[in-house]
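Inside the fold
Residues per chain are reported as follows:
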Amino acid sequence: MSKGGDKSLWDTAIDEAKLAEEDEAKASEEACVLFVGSKNAGKTSIILRFLDRDEAPKPTTALEYTFGRRARGHNIAKDVGHIWELGGGTWLTKLMDIPINTDTILYTSMIIVLDLSLPNELWFTMEKLLNAARTQVDAVVAATNNIDPEIKIKLKKRAWERLGQDHPDKDMIDPFLIPLCIIGSKYDLFQDFDSEKRKTVCKTLRFVAHTHGASLQFSSTKQEALINRSRNLISHFVFGTPMGKTIQVDHNKPLLIPAGLDLLQQIGTPPLPDDELGMGLARTPMDLWKQAFTSIFPQENTNNPAMVDDPAKDIQYAEGTVDSMRIQKNEELERYRRLCERRAKDARQQAMNEGLVY
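Okay, so let's go over this structure. Just so we're clear, the structure is a prediction, and the values are computed from it rather than from any experiment.

Examining unusual backbone geometry
Positive phi is not limited to glycine here, since Asn-40 has a value of about 60°. Looking at the secondary structure, you find Asn-40 in the loop between strand 1 (32–37) and helix 2 (43–50). Judged by relative accessible area, which is 60%, Asn-40 ranks as exposed. Residues other than glycine seldom take positive phi values, yet Lys-186 does so here, at roughly 60°. As for its position among the elements, Lys-186 is in the loop between strand 5 (180–185) and helix 5 (187–190).

Thoughts on the pattern of salt bridges
Scanning the model with the defined rule gives 10 salt bridges in all. The closest approach of N and O atoms between Asp-115 and Lys-186, which form a salt bridge, is 3.2 Å. Of this pair, Asp-115 sits in strand 4 (residues 108–115) while Lys-186 sits in the loop between strand 5 and helix 5, and the two are 71 residues apart along the sequence. Classification of Asp-115 as buried rests on a relative accessible area of 3%. Measuring nitrogen to oxygen at the nearest pair gives 3.2 Å for the salt bridge that ties Lys-290 to Glu-127. On the criterion of sequence distance, the pair formed by Lys-290 in helix 9 (residues 285–296) and Glu-127 in helix 3 (residues 119–144) is long-range, its members being 163 residues apart. Several salt bridges share partner residues, and in doing so they unite Arg-49, Asp-52, Glu-224 and Arg-231 into one network.

Comments concerning the packing of aromatic side chains
Any two aromatic rings considered together are summarised by their centre-to-centre distance and by the angle between their planes. For the structure on display, the rule yields 10 aromatic pairs. Geometry around Trp-160 places Lys-170 over its ring, the cationic atom sitting 5.1 Å from the centre.

Comments concerning the packing of helix 2 against helix 7 (residues 224–239)
Running from N to C, helix 2 and helix 7 point in directions that differ by 80°, and their axes come no closer than 9 Å. As judged from the angle between their axes, helix 2 and helix 7 are roughly perpendicular. Between helix 2 and helix 7, the residues in contact are Ile-46, Arg-49 and Phe-50 and Glu-224, Ile-227, Ser-230, Arg-231, Ile-234, Ser-235 and Phe-239, respectively. Broken down by class, the residue content of the contact of helix 2 with helix 7 amounts to 5 nonpolar, 2 polar and 3 charged.

Focus: the packing of helix 3 against helix 6 (residues 195–211)
Packed helix pairs are characterised by how far apart their axes lie and by the angle those axes make with each other. Helix 6 packs onto helix 3 with a crossing angle of 5° between their chain directions and a minimal axis gap of 12 Å. With respect to each other, helix 3 and helix 6 are oriented roughly parallel. Contacts from Pro-119, Leu-122, Trp-123, Met-126 and Leu-130 of helix 3 reach helix 6 at Val-201, Thr-204, Leu-205 and Val-208. Residues belonging to the contact of helix 3 with helix 6 are distributed by class as follows: 8 nonpolar, 1 polar and no charged.

A few points about the nonpolar core
The biggest cluster of nonpolar side chains holds 49 residues, and the ones touching the most others in it are Leu-34, Met-110, Leu-205 and Phe-218. For Leu-34, the contacting residues outside a window of four places in its chain are Leu-63, Trp-84, Leu-86, Met-96, Pro-99, Ile-100, Ser-109, Met-110 and Ile-111. Judged by nonpolar contacts, the second largest core, of 17 residues, contains Phe-35, Ile-83, Ile-183 and Ile-234.

Let's talk about helix 4 (residues 151–163)
The end-to-end C-alpha separation of helix 4 is 19 Å, in line with the 18 Å expected for 13 residues at 1.5 Å each. If you check which residues of helix 4 are buried, you get Ile-151, Leu-155, Ala-159, Trp-160 and Leu-163. Within helix 4, the buried residues cover an arc of 165° as seen down the axis, which keeps them to one side. Of the surrounding elements, those touching the buried residues of helix 4 are helix 3. Phi for Gly-164, located one or two positions after helix 4, is positive at around 110°.

What counts and how
Residues numbered from 1 in each chain as written. Predicted model: local features only at pLDDT ≥ 70, side-chain atom pairs only at ≥ 80, totals over all residues. Heavy atoms only, no water. Helix = DSSP H or I, 4+ residues; strand = E, 2+ residues; numbered from the N terminus. Buried < 20%, exposed > 50% of the residue type's maximum accessible area, 1.4 Å probe, protein only. Salt bridge = Lys/Arg side-chain N within 4 Å of Asp/Glu carboxyl O. Phe/Tyr/Trp six-rings, centres within 6.5 Å; stacked < 30°, edge-to-face > 60°. Lys NZ or Arg CZ within 6 Å of the ring centre and 35° of its normal. Axes fitted to C-alpha atoms, helices over the stretch in contact; angles between N-to-C directions. Parallel < 35°, antiparallel > 145°, perpendicular 65-115°, else oblique. Contact = heavy atoms within 4.5 Å. Nonpolar A, V, L, I, M, F, W, Y, C, P; charged D, E, K, R; others polar. Core = buried A, V, L, I, M, F, W, Y, C linked by side-chain atoms within 4.5 Å. Expected span 1.5 Å × (residues − 1). Arc of directions from axis to C-beta.

Pasting the structure below:
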């Protein structure tokens, strides 16, 4: 019994449990991760393995939504994590505005899945997706600024908390404003590459991930240990479970480098001859790494029209029938984008109705 308005130990425990449940429900509702990456890189397979769904992966149509849930302790309420997957490689980046918006910006993470077995497409895909994501995040920050003028400061602060305020490479890092991870998929194929080529890919991805404040890990759906790594990573982004501090930087083994645990000194210099370092058209360290990587792995642009300027916008290729059909397809894509948005809202509402999200 409580006396004089004081709460009993039991009452206090009940209040604290209710607050904890409210916090967990709030975090579950807000947690969201967006998968993007190379076409046929295994994004769907990674997601299905995380969700423990024993089903064959199907090609992703534009943008797809699903969610995962887990029980937390002895609470009745469950954590719910929202998972988006963008298909089509680099073609449909405009659809990023559905999962990354003013309502989700503070609680969204992004995972870029790159096909290690196709290094001749890797840089283009990575660069295109990073630029598109940065553009979308910046646009959302600008749109949110009227409501929350300190939104960018908050995101920057969180980014440096993930990396460490006193990191030795702080002057060289421009952290992505939302949590970011690069997954190199199909390691089972990549491990058979020539040692020097593997070293080049590993060093390059380490540099890109590190300077973006991102985590980096290699994965394969053929190796159970690497599947478990991917599960742990997604669980960290979706449910806030500990990331772990295990690190593997040996290019002869599958890389595993949490954000903030790499060092430029250990990564080394780009694989260029000494007389070419500091020369050429490179204006930034990133340009220099691009120059080095693409000189070893020329990026293919013959079979992927997305790698060149859009010829449909060039008047010399104007064709009435084709152009009108293209306009029609663009309108269909926009309708599909709006449909995806409505479906996501409906799925969210259903989860709320079922008591999964509060």
